[in-house]
Amino acid sequence: MTTRFLALVVAAATTSATHAQNITVYSSGNVTVGTSRQLTAYVPLSPSTVTWSVNGVTGGNSTVGTVSASGLYQAPGVIPAANTVSVRATSTAFPAKSHAVNVTITQPPVQLWSTSPRSVPAGPFAISLNGSNFTAASIVRFGGVNLPTTFVSPTRLTATGTAPPAQAGTNVLVRVVNGGVGGTTSSAVQLTVTAAGPPPPPPPPVTVAVLPAAVSLTVGGTQSFTAGVAGTTNTTVNWSVNGIAGGNTTVGTISAGGLYTAPAAVPTPAIVTVRATSAANTSASSTASVAIAAIDGGPGAGTGNLAAARLLEQAAFGPTPAAIARVKAIGVDAWLDEQFALPETPISNPGGMAMSAVQAAHLHRLATAPDQLRQRVASALAGIIVVSANKNIYPDELVPYLQILSRHAFGNYRALLGEISTSAQMGKYLDLANSNKPGPGGAANENYARELMQLFTIGLYALNPDGSRQVDAQGLPIRAYTQHTVQQVALALTGWTYQGPANNNWENFSGPLQAREFNHDTSAKTFVGASLPAGQNTVADMEGTLNWLFAHPNVGPFVSSRLILALVKSNPTPAYVARVSSTFDNNGAGVRGDLKAVVRAVLSDPEARNDTATGNTGRLKDAIYHIVSFVRALGGSISPANQQAWQFSQMGQTPLAPPSVFGYYSPLFRIPRTTLAGPEFQIYGPTEAVLRGNMFWSILSSNAGSDLTVDIAPFTALAENLPALIDAVDQALLYGRMPAAMRQSLATAIAAQYDARAKAQTALYLTALSGLYAVQH
Amino acid sequence: MMKSPSALTRRAFLRHSTLVATAGATGLARLSQVNAHAQAAATDYKALVCVFLLGGNDGHNLIVPLNGAENAAFRAARGSLALPDQTAQLLEISARNGTPYGLNSGLAALHPLWAQGRLAAIANVGLLVRPTTRAQYLAASVGLPSNLFSHSDQTISMQAGDPFGSGGTGWAGRIADATRGLNAASTFPPAISVAGSALFCSGNIVQSTSLLPGNNLSADGFATWPATATAARKQALQEILTFNSGLAMVQAANDVRADGLELNGLLSGLSAAPFATAFPGTSIGNQLKQVAQVIQLRGATGMKRQVFFCAIGGFDTHSAQSWAQWDLLRQISEGLAAFHHATIEMGVADQVTSFTASEFGRTLQPSGSGSDHGWGNHQIMLGGAVRGGELYGTFPNLSLGGPDDTGSRGVLIPTTSLDQFGATMARWFGVDTASMPAVFPNLANFATADLGFMI
C-alpha cells in the first residue's frame, strides 16, 4: 500500500510540475494512543518531494508523535496534554508550499456492547454493562444523566440510577464515557424502561438497639455494651468497631459479649462507632458512639526515688531527702527494723493549763521526730482509740494518753487495751471513772462499754477475715452485739475511780484508775459467746471483758482495716485486709495482736508496695499530714513553740482535739456521689481546700515566720532553668510522677513570674495544690 | 492531650468515665447531692438557720413569767439573778391566751416582731430519750441522755439530735439528706456552717460545708504582682485541676479544689450587691450576713432547700452573768433582726426560719453571780412561717425541788423534746413522714410530732 501511494505522489509530481499548485495532505482524524496512521501528501509540484513535521518539528518526537519520510504518523505512547497535533508536509523544492492536517490522539475507544438486564422498571435500578476499554474513569450515561458507576474490569462496569416514572415504556440510550484528555464515548445501546415494579419489600422486621448510645472513655478504658434484638428469636449480634468485626488495636476491640476496650492511644478521629449487627438479619444493626480521650493527667513514670518516697508517705509523715536516701540504702525491711528499734521520742507533759503547748509540741514532733514510724502509727491509733482535748482540756488530762499510744505503737494490742481502759484520761473522756454499780432499777454508765466495743475492738457487725460484713439468710448484716451486751459490759467495768483515798475520788490524773470493790457489780455477766462468773472482783472482770473482746474474731479485720486506711489507702482489697488480719491473728510465732508484725504486714504488703497507681488507689492527706509532709519535703521544720493549732482548727483538724469520739472523720465516710471510701474527705470541703492552699502559700512566702519554715533556695537557684526547676519540684513533691501536661502548665505559669523567688514559689505552690499531691498514692 | 474548655465539660466527660465516677453533671460536683431520690424538685425556696448559743444559755433569764404565782416562784428560785436587774429590763409580751411574760431587754431589737406574729418561743425543750418525770429521773427507771451537764458531750448530742451523742451525724445534716431531692439538679452546698466545721450539718449523704464569714475563698497565692503573673498561675491551676489523671481519689481531690474556685467566683460577686439592711459588725452579725448573702445567691445556684449553722460563744456564765448574758442576747437580737430585715428585702421572709439552740439550760438557783449547768431550756423561733406571738410547749414549774426539777437546784427536766422541736421545723421544711424517723430516731417516743408553731 505504501508503494502505491508513493507511486502516486511521484506520478503527480511528474504530471503537475507546470501547474505550481498547493500541497494537500490527507487526512485529519483520530489516532488511538500508541497506534499509527499513514498520511498522504498530494504534491502537484516538481520535484514532488516533501518534508514531514509534527507541530513544526521535522520528523516529530516522542511527545507529539513521529512521522516518517513517507508520512507514516506514529502516535506517542502517552497522550500529550494538547492531544491534537498538527502534521505538515512541506515541499523540499518550494518551502513556502506546505499543508497540514490535525490529528487527535485519543484513548483507546470505549465500546459498549450490551447491558444486563436489558430492561429495568421505573424507579431505582442497577445495571451491569459489557464492552471494552472500560477504565476507572468510565462513566455510564443514562439518557443525558451520568450514573454512579463502579469499575469492575476493562470489560465490565456496574451502575445504579433511577428511572423517572415518565420514562416508563420508552427506550433510553445508554453510553459509556471515558473522561479525561483524549477520552472517548461509546456508541449507545438501548435500555428499555418498563412500568414501575412492585413496591420494595418492607424493611426487615428485625431490629437492634445498642445501649448506652454514647459514652466517653479514656484510653484503655472499658465499657460494656448491650444489644437488644427484636423480631427474631436469634438474639445473637456481631460486634464491630468502625466496621471492623471485633475491632482492632487502633480503634479498640470489642468482645462477643459487647465488652469494648478502648485502644491504648487516642485514634483519629477520636470518636469511633460500635455497631451490633443481628446475626439473623445482617441488614438490622444499631450503633453507639465512643469518644476516646487521653489520660492526660496521668502520672509520669516516677523516678528512682519513687519507691522509697511512697514507703515514707505511708510509714512516716512524708519523705525527707535524707529519709529517702536511707530507705534506698538499706531497703524496706531493714528500714522498718531500724525504725522499730529507734528509741521513743519522749512526749513531755508541761502540766498546767496550756493545752496549746502540748499541741505545738505535737506538731513539732510529727515533723521532726526520728522515730517517724512510731509517730505515724501512734497517730493512726489515736484515730481509733480517741481521747480529745475538746473534753480533756488540760495537759494532765491528755498527755499520758499520748504516751500510752506512743509506748504501745509496736507493742501488743491487748496490752494497749488494758492500759487505755484504766487510764485516768480515758476514764474522764468516756466516763469509766466513777462508774459505780447501779442501784435497784438503775444502770451502769454505758459510755465506755459502748465505745470500747464499737470503736476500739470489734465494731457493730460480725466481720469476715477480709473485713467484709457477715450477712444472715436475708442478706442483712449480723450485729456483733446487742444493747444487752453493752449493759453487761458496763456492769463488768464498774468500780473504777481516780487515784485517791475514797471509793469515788475527784478527778486526778497523776496515775491510772484504781479499783474499788465497793462500787463493783459482782453479778454474773453474759456477753456474746462468753460470760463472766458471779463474784469476780473489779480487776478480774475488766481482764475477763478485755480478754473476750481481744479474742473476738472481729478484732483482726477491724484493727487491720483501720490501720490500712490510716497508713496506706482508703479502698484496700479484701485480700489485703485478710492478709494483714491473719498476721494480727498470728504473728507467725503464735502471738495474737502483735502490732509490730501487723504494721510490717500493712507496709510490706504487695498492695502497699505497688508503685503503679491505678484506679481507686491512695488516701487523701488530712490537713496536718498535708502541711507537715510539705514542710518535711522542703527541708523545713515546725518550731517547738509554734502557734499553728488555730490554723488547723480552721481546717477541721484542731491538733489533739477531734470533735468527738468518732475522731476527725469517720472511717465509713464515702466520697459524695461515689461508692468510694474517703474518710479524710469528710473534712475536706472547698473552704478547707482553699485554706490549705493559703497555708502552703503562707509557708512558701515565709509569712508563717519561724513557726513553719521551708528552704526554697535550691528551687530558686534553678529558676532560670525551667525544665530543671520543674524536675526538682516534681522530684520533691511527686517523686517524678508529674504528668507531661502538668509540666507544660507549670512552665507557662512560671515563665510569667517576674523573679527567681516567684518562679520557685509558683512551681511549688501549684504542685502543692494539685490532686496528685493531695492524695498519698 | 485533652484539655476540656470548661469545668462543665470536664465533669460531663468524667460522668461517663468508667475510671472515675466521682463527678457530677455540672459544677460544684462534690457538694452536689443529686441522685435518684423519690422527691420531685421543689419550686419554692426554704431555709433553716440555727443560731447555737455555746456554753449553755440561761433561758430562765431569756423569758420570765410575769403572772403573780409563776413570777413569785421565779423570784424565789433565782434570787440575785432574778430579772429585772440594773442591766436587763423586761420587755412585755403575752401568749395568745393573754398570759404575760417578759423578754430580756437584750432582745429589744426582736421584741416588736412578737406582736407582729413573726417571733415565737418554746419553753423548756431539751434532749430526752422519752417523756421523763422527776420520779423516773430519780429512780433512773427510764433511759436518760448520756453525760448530761457535760459541755462537750451535750454540744455533740444537741447537734446530733441524739441523746447518746452517737452516730457521727447532725440533725440538720439528716434533714438535708431527707430533702436532697427537693434541690433537684442544683449543686450548691445544702448544709452550710458559717461557724467552723459543725456536726450539726453533717448528714449520712450530705457533707457539711463550712464557709467563713467575710471570706470569699480567695486564694492568697492569687494576690500577687503583677496581675499577669497571677493570671498565669490561675490559668495553670485551672488546667492542673482539669487534667484527667485516671485516679479516682486524685480526681475527687481536684474536684474539691475546683469547687472552691467556683464558690470563690460566686462569693466574690456578693459584695457587689450589698443589702440595704445594715448588719451589726459582731461575729454573729457577720455570720448571719454571710448566710443572707448565700440565700441571695439562690437564684444563681438554683437551690431550694438549705440549712445553716451559726454559733456564738460565751454563754457559760458561771459568774458575772447579768451583763454578760444581756450583751450576748443583744448581739443575737440585733443580728437576727438585721437578718430578718434582709430576708424581707430579698422577699423570702416567709421562707426562712431561724431559731436558737444551746447545749443545755442552766440552774435556776444561782451560784454566786452566775448559774450552773442545767438541762431543759427556752428557745426562740423567728420568721414569716413561724406562727409567732405565742409561747409553745409547757412552761415548767420553777419551784426548786418541784415536779420539773431533777433535784433541788432547778435543773429542769425538759417538758418538750428536741426531737419534737426539730421535727416541727423539719416538717415545714419538707421532710416527709416516712423519712422523719431517720432524722429524729426518738420522735416516736413522744405523743406529738408537730408542735404547731410552723405554718
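Residues numbered from 1 in each chain as written. Chains lettered and ligands numbered in written order. Predicted model: local features only at pLDDT ≥ 70, side-chain atom pairs only at ≥ 80, totals over all residues.

The next subject is the overall build of chain A. Tallying secondary structure elements over chain A gives 23 helices and 39 strands in all. Counting over 777 residues, chain A shows a buried share of 49%. Here the contacts in chain A between residues at least 6 apart in sequence split such that 65% fall between residues at least 24 apart. (Helix = DSSP H or I, 4+ residues; strand = E, 2+ residues; numbered from the N terminus. Buried ≥ 20, exposed ≤ 12 C-beta atoms within 10 Å, placed from the backbone. Contact = placed C-beta atoms within 7 Å.)

Bringing the overall build of chain B into the picture now. The helix and strand inventory of chain B stands at 13 helices and 14 strands. Burial statistics for chain B: of 455 residues in total, 58% are counted as buried. Across chain B, contacts joining residues at least 24 apart in sequence account for 73% of those joining residues at least 6 apart.

Here Ser-46 of chain A and Pro-47 of chain A are connected by a cis peptide whose omega angle stands at -5 degrees. Summarising the element assignment, Pro-47 of chain A is placed in the loop between strand E4 (40-42) and strand E5 (50-54). Look at the link from Ser-116 of chain A to Pro-117 of chain A: it is a cis peptide, with omega at -5 degrees. Mapped onto the elements of the fold, Pro-117 of chain A is located in the loop between strand E12 (111-116) and strand E13 (119-121). Although it is not a glycine, Leu-217 of chain B sits at a positive phi angle of roughly 65 degrees. Tracing the chain through its elements places Leu-217 of chain B in the loop between strand E7 (209-210) and helix H7 (227-242).

Bringing the packing of helix H18 (residues 686-700) of chain A against helix H8 (residues 248-268) of chain B into the picture now. For the pair H18 of chain A and H8 of chain B, the least separation of the axes is 8 Å and the interaxial angle reads 95 degrees. Relative to H8 of chain B, the element H18 of chain A lies roughly perpendicular. Across the interface between the two elements, Pro-686, Ala-689 and Val-690 of chain A from H18 of chain A touch Val-256, Arg-257, Asp-259, Gly-260 and Leu-263 of chain B from H8 of chain B. Taken together, the residues that form the contact of H18 of chain A with H8 of chain B break down as five nonpolar, one polar and two charged. (Axes fitted to C-alpha atoms, helices over the stretch in contact; angles between N-to-C directions. Parallel < 35°, antiparallel > 145°, perpendicular 65-115°, else oblique. Nonpolar A, V, L, I, M, F, W, Y, C, P; charged D, E, K, R; others polar.)

Grouped together as the largest cluster of nonpolar side chains are 179 residues, with contacts concentrated most on Val-602, Val-628, Val-631 and Ala-763 of chain A. If you tally residues by element for this core, the top one is H8 of chain B, at ten residues. Counting residues in each nonpolar core, the second largest holds 97 residues, with Ala-109, Ala-123, Leu-127 and Leu-199 of chain B among its members. (Core = buried A, V, L, I, M, F, W, Y, C linked by C-beta atoms within 7 Å.)

With 73 residues of chain A at the interface, the matching set in chain B holds 62 residues. Put simply, the parts of the chain that give the side of chain A that touches chain B at least two residues each are strand E22 (214-218), strand E23 (222-224), H18, helix H21 (740-751), helix H22 (756-769) and helix H23 (771-774) of chain A. Looking at the side of chain A that touches chain B element by element, the count peaks at eight residues for H18 of chain A. For the side of chain A that touches chain B, a count of residues per class yields 35 nonpolar, 34 polar and four charged.

All names here are of chain A. At a minimum axis separation of 11 Å, helix H16 (residues 623-633) and H18 run at an interaxial angle of 20 degrees. When the axis of H16 is compared with that of H18, the two are roughly parallel. Once H16 is placed against H18, the crossing between them reads as right-handed. Side by side, H16 and H18 meet where Ala-623, His-626, Ile-627, Phe-630 and Val-631 of the first sit next to Glu-688, Arg-692, Met-695, Phe-696 and Ile-699 of the second. In terms of residue class, the contact of H16 with H18 is made up of seven nonpolar, one polar and two charged. (Left-handed = near helix turned anticlockwise from the far one by under 90°.)

Residues and elements named next belong to chain B. Extensive coverage of strand E1 (residues 46-53) is indicated by the burial of eight of its eight residues. Residues Lys-46, Leu-48, Cys-50 and Phe-52 line one face of E1 and the alternating positions Ala-47, Val-49, Val-51 and Leu-53 line the opposite face, and both faces are buried. Bridging between E1 and strand E8 (residues 305-312) involves eight bridges; their strand directions are parallel. By the bridge assignment, Cys-50 is partnered in E8 with Phe-309. Of the pairings in the sheet, the one linking E1 to strand E9 (residues 352-358) comprises seven bridges and is parallel in character. Residue pairing in the sheet places Ala-47 in a bridge with Val-352 of E9. (Pairing = 2+ DSSP bridges.)

Moving on, we come to the pairing of E5 of chain A. All names here are of chain A. Taking every second residue as pointing to the same face, the buried face of E5 carries Val-50, Trp-52 and Val-54, while none of Thr-51 and Ser-53 on the other face is buried. Relative to strand E10 (residues 84-91), E5 runs antiparallel, the two being bridged by five bridges. Bridge pairing links Ser-53 to Arg-88 in E10. Looking at chain direction, E5 and strand E6 (residues 57-58) are connected through two bridges and run antiparallel. Bridge pairing in E6 links Ser-53 to Thr-58. Where E5 folds back onto E6 in an antiparallel hairpin, the turn is made up of two residues, including Asn-55, whose phi is positive at roughly 50 degrees.

Now for H7 of chain B. Its 16 residues give H7 of chain B an end-to-end C-alpha distance of 23 Å, which sits within 8% of 22 Å, the value for a rise of 1.5 Å per residue. Among the residues of H7 of chain B, those classed as buried are Ala-229, Arg-233, Ala-236, Leu-237, Glu-239, Ile-240, Leu-241 and Thr-242 of chain B. (Expected span 1.5 Å × (residues − 1).)

Residue and element names in this part refer to chain B. Summary statistics for chain B give a mean pLDDT of 87 and a share of 90% for residues scoring 70 or more. Low confidence marks residues 1-27, where pLDDT is under 50. Its contacts with residues over four positions away, or in another chain, come to 68 contacts. The ipTM value of the predicted complex is 0.71, and its pTM value is 0.68. (pLDDT = per-residue confidence, 0-100.)

Here we come to the environment of Asn-519 of chain A. Residues and elements named next belong to chain A. Considering the arrangement of structural elements, one finds Asn-519 in the loop between strand E33 (514-515) and strand E34 (525-526). Since 18 C-beta atoms lie within 10 Å of it, Asn-519 is described here as partly exposed. The spacing of Asn-519 and Asn-504 is 15 residues in sequence and 8.5 Å in space, taken between C-alpha atoms. Excluding residues that lie within four positions of it along the chain, Asn-519 makes contacts with Asn-436, Lys-437, Thr-494, Gly-495, Asn-503 and Asn-504.

Looking now at the sheet that holds strand E26 (residues 244-245) of chain A. Taking strand neighbours across the sheet as the criterion, the five strands line up as E22-E31-E30-E25-E26 (chain A) in an open arrangement whose pairing is mixed. Either end of the sheet is taken by a strand with one partner, and the two such strands are E22 and E26 of chain A.

Turning to the sheet that holds E6 of chain A, a few remarks are in order. The mixed open sheet is built from five strands, whose spatial order is E2-E11-E10-E5-E6 (chain A). The open sheet is flanked by strand E2 (29-32) and E6 of chain A, the only strands paired with a single partner.

Moving on to helix H4 (residues 355-368) of chain A. Residue and element names in this part refer to chain A. Between its terminal C-alpha atoms H4 stretches 20 Å, which fits the 20 Å expected from 14 residues at 1.5 Å a residue. Counting buried positions along H4 gives eleven out of 14 residues, so the element sits mostly inside the fold. Within the sequence span of H4, burial applies to Met-355, Val-358, Gln-359, Ala-360, Ala-361, His-362, Leu-363, Arg-365, Leu-366, Ala-367 and Thr-368. The inward-facing, buried residues of H4 contact helix H5 (372-384), helix H6 (399-408), H16, strand E37 (637-638) and helix H17 (645-650).

On average, residues of chain A score 90 in pLDDT, and 95% of them are at 70 or above. Overall, residues 1-19 of chain A carries pLDDT values under 50, and its contacts beyond four positions in sequence, including any with other chains, amount to 24 contacts.

This part is about the environment of Gly-376 of chain B. Residue and element names in this part refer to chain B. Within the element layout of this structure, Gly-376 appears in the loop between strand E11 (370-373) and strand E12 (377-382). Placed 40 residues apart in sequence, Gly-376 and Thr-416 show a C-alpha to C-alpha distance of 8.4 Å. In this view, Gly-376 contacts Asn-124, Val-125, Gly-126, Gly-361, Pro-396, Leu-412, Ile-413, Pro-414 and Thr-415; residues no more than four positions away in its chain are not counted.

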